[in-house]
Amino acid sequence: MKKRIAVLPGDGIGKEVTRGAVEILRAVGERFGHQFSYSYGQIGGGSVDELGTPLPDETIELCKGSDAVLLGAVGGPKWDRLPVHLRPEKGLLKIRKELGLYANLRPTLYYSSLADSSPLKREVIEEVDLLMVRELTGGLYFGKPSERMKQDGRDVVVDTLFYQKSEMTRVIKLAFELAKNRKSRVTSVDKANVLESSRLWREVAEEVAKDYPEVIVEHMLVDNAAMQMVRNPKQFDVVVTENMFGDILSDEASVLTGSLGMLPSASISESGPYLYEPIHGSAPDIEGQNIANPLATILSVAMMLRLSFGLEEEAKAVEAAVNEVLKSGFRTKDIASVGTKLVTTTKMVEEVKATI
Ligand code: NAI
Ligand code: MG
């Protein structure tokens, strides 16, 4: 199989972890006889420094012409004081919009060998296997107006929570589709007791559910969901929600089973390439030290193999290799504990590669 992959390393440890993940892709290509090609594009702070923009048009074109996009992370203190349109995060928002990435998928999976790196008790997180599906291109983060103004001489501010019904339908449908291959359970999260947008969301979820009689649907208010996520996360299979609720809940879900450095994500579009990235940021505090955990990015590559290329066996081989390496006791600093083998980023990549 021939595939073109756009690689956008970005800033900080983004460069280190994408380098590692590309090595894993190369290993998969060799072992299974696929031809993957890699083209590199700029995004984020480094791009601002060199090109005066956090997302040059060439990068957008590169991504649109590829079969999948692998992204590291963007940002860092160096660029925090720039005007909003030059912030590295603008590059991220823009690439999501340009590629129509309407849903962000974040699996949270329990690794028995890492149970001790979670702040929660083992019995609470044991067997957790949940998938957060967050709407990514609508809601409060994109609604207009979003501005400060004067009203009767007073300073006021407005942000707008705007959705087309069709945007709700497509992401909720996706959640049901994904649930079919899992435990057939969807929790739709909203704030229907207060927000009109959430009342429509709930109606849409009910409507979509009719097409999936085999899937159990449950509605949960977002404040309760935030509590349930740490009280009894095992009850969840697929959780679907709008942009801001999803932003908050997916970060909460991500601490359930250990380090930020372990958690992958995929962003899905209707047509065109999907984008894969670790959920962590550019980690400027550990940049350049060769200690970043590359596994979140490597697991993102597994999602790419599965979702973009339909290469299930290859995806499983990567996930199994990660499990194997963890079971053998290899740990980067963020997941190290007593009795384990502390390794660098590059050594961790080598171990996974050798296992594949
Ligand atoms: P962060 O995720 O970069 O780091 C949080 C903490 O986790 C740090 O102590 C870091 O060392 C550690 N960490 C993160 N990933 C790790 C890994 N793979 N291995 C080992 N340790 C890891 O979040 P923070 O510090 O809030 O943000 C740093 C910069 O990254 C900011 O400029 C922020 O805007 C940006 N950011 C970018 C994101 C993206 O590109 N998608 C997402 C989140 C933050
Ligand atoms: Mg966030």
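Please read all numbers here as calculations on a predicted model, not as lab measurements. All chains use their own residue numbering, which begins from 1 and follows the written sequence. Here every chain gets a letter starting at A, and every ligand a number starting at 1, in the order they are written. Local features are withheld for residues below a pLDDT of 70 in this predicted model, meaning they are given only at 70 or higher, and side-chain atom pairs are given and counted only at 80 or more; totals for whole chains, interfaces and linings count all residues.

> I would appreciate a short explanation of the nonpolar core in the present structure.
Remark: nonpolar core denotes a set of buried Ala, Val, Leu, Ile, Met, Phe, Trp, Tyr and Cys residues whose joining runs through C-beta atoms within 7 Å. Neighbour counting defines burial: a residue surrounded by 20 or more other C-beta atoms within 10 Å of its own C-beta is buried, one with 12 or fewer is exposed, and intermediate counts give partly exposed, using backbone-placed C-beta atoms. By size, the foremost hydrophobic cluster in this structure holds 98 residues, and its most contacted members are Ile24, Leu70, Val133, Ala175, Val301 and Val318. Secondary structure follows DSSP: runs of H or I at least 4 residues long count as helices, runs of E at least 2 residues long count as strands, and numbering of each begins at the N terminus. Per-element accounting of this core gives the leading share, nine residues, to helix H10 (residues 295–307). Both of domain 1 (1–107 + 261–356) and domain 2 (129–255) provide at least three residues apiece to this core. Those residues in contact with Leu70 that sit more than four places away from it in its chain are Ile5, Val7, Thr18, Ala21, Tyr276, Val301 and Met304. In this entry, domain limits derive from an automatic or database-based domain assignment. Any residue pair is listed as a contact if its two C-beta atoms, each placed from the backbone, are within 7 Å.

> Hey, could you run me through the domain arrangement of the protein in this one?
Many structure descriptions define interface size as the accessible area lost when the parts assemble. Domain boundaries assigned for the protein yield domain 1 (1–107 + 261–356) and domain 2 (129–255). For domain 1 versus domain 2, the distance between C-alpha centres works out to 25 Å. Each partner contributes to the interface: domain 1 provides 13 residues, whereas domain 2 provides 14 residues. Where the side of domain 1 that touches domain 2 is concerned, the elements lending two or more residues are helix H4 (88–98), strand S4 (103–109) and strand S11 (264–268). Per-element accounting of the side of domain 1 that touches domain 2 gives the leading share, five residues, to S4. Three classes are used: nonpolar for Ala, Val, Leu, Ile, Met, Phe, Trp, Tyr, Cys and Pro, charged for Asp, Glu, Lys and Arg, and polar for all others, with Gly counted as polar. In terms of residue class, the side of domain 1 that touches domain 2 is built from eight nonpolar, two polar and three charged.

> What should I look at first to understand the site of ligand 1 in this one?
Close to ligand 1 lie 21 residues; Gly75, Gly261, His280, Gly281 and Asn293 are nearest. Counting only elements with at least two residues in the shell around ligand 1, the list comes to helix H1 (13–32) and H4. For the shell around ligand 1, the class distribution of residues is 11 nonpolar, seven polar and three charged. Only the C-beta atom, placed from the backbone, is used; a residue is near a molecule or strand if that atom lies within 6 Å of it.

> It is not clear to me how the UniProt feature "binding site: Mg(2+)" (unreviewed entry) in the protein should be interpreted in this structure. Could you clarify?
UniProt positions are given in the numbering used here, feature names are shortened, and annotations may be inferred rather than shown by experiment. The UniProt feature table records "binding site: Mg(2+)" (unreviewed entry) at Asp223, Asp247 and Asp251. In sequence the annotated residues extend across 29 residues, while in space they remain close, none of their C-alpha pairs exceeding 14.4 Å. Within the secondary structure, Asp223 sits in helix H8 (residues 222–231). Looking at where Asp247 falls in the secondary structure, it is placed in helix H9 (residues 243–254). Assessed through the 18 C-beta atoms surrounding it within 10 Å, Asp247 is described here as partly exposed.

> Can you walk me through the UniProt feature "site: Important for catalysis" (unreviewed entry) in the protein in this structure?
Within this structure's numbering, the places UniProt gives as "site: Important for catalysis" (unreviewed entry) are Tyr141 and Lys191. Within the secondary structure layout, Tyr141 lies in strand S6 (residues 139–151). By C-beta crowding, Tyr141 is classed as partly exposed, having 17 other C-beta atoms within 10 Å. Setting aside residues up to four positions removed in sequence, Tyr141 forms contacts with Asn243 and Met244. Mapped onto the secondary structure, Lys191 falls in the loop between strand S8 (185–190) and helix H7 (196–210).

> Even after reading the chapter, I still don't get the environment of Asp190, so can you show me in this structure?
Structurally, Asp190 can be placed in strand S8. With 51 residues separating them along the chain, Asp190 and Thr241 place their C-alpha atoms 6.6 Å apart. Other than its neighbours up to four places away in sequence, Asp190 contacts Ser198, Trp201, Arg202, His219, Leu221, Val222 and Thr241.

> I'm lost on the sheet that holds S11 in this one. Help?
Paired through their backbone hydrogen bonds, the strands of a sheet run either parallel or antiparallel. Here, any two strands with at least 2 DSSP bridges between them count as paired. Taken together, 10 strands build an open sheet; the order of strands is S2-S1-S3-S12-S11-S4-S5-S10-S8-S9 and the sheet is mixed. Every other strand in the sheet has two partners, leaving strand S2 (35–40) and strand S9 (216–221) as the edge strands with one partner each. Here the strands of the sheet are splayed against their neighbours by 25° on average, with no regard to which way each runs. The pairing of S11 with strand S12 (residues 274–278) spans four bridges and is classified as antiparallel. Looking at S12, one finds that Ser265 is bridged to Glu277. Under this scheme, a helix contributes an axis fitted over its contacting stretch, all axes are lines through C-alpha atoms, and angles between N-to-C directions fall in the 0 to 180 degree range. Against the sheet, H1 touches strand S1 (2–10), S2, strand S3 (68–73) and S12, its axis set at about 145° to S3.

> Even after reading the chapter, I still don't get the pairing of S1, so can you show me in this structure?
When a strand is regular, its side chains alternate between the sheet's two faces. Direction of pairing for S1 relative to S2: parallel, over a ladder of six bridges. Pairing of Ile5 across the sheet is with Tyr38, part of S2. When the strands point away from the viewer, a crossover counts as right-handed if the path from the first strand over the helix to the second runs clockwise. In this fold, the crossover linking S1 to S2 by way of H1 has right-handed handedness.

> Is there a simple way to think about the environment of Lys173 in this case?
Note that Lys173 resides in helix H6 (residues 165–180). Through-space distance from the C-alpha of Lys173 to that of Ala283 is 34 Å; in sequence the pair is 110 residues apart.

> Sorry if this is basic, but what is going on with H4 here?
One turn of the α-helix equals 3.6 residues, which is why residues spaced by three or four share an orientation. Every buried residue of H4 is accounted for by Pro88, Gly91, Leu92 and Ile95. When H4 is viewed along its axis, its buried side chains cluster within an angular range of 100° and face the same direction. The arc refers to the directions leading from the helix axis to the C-beta atoms.

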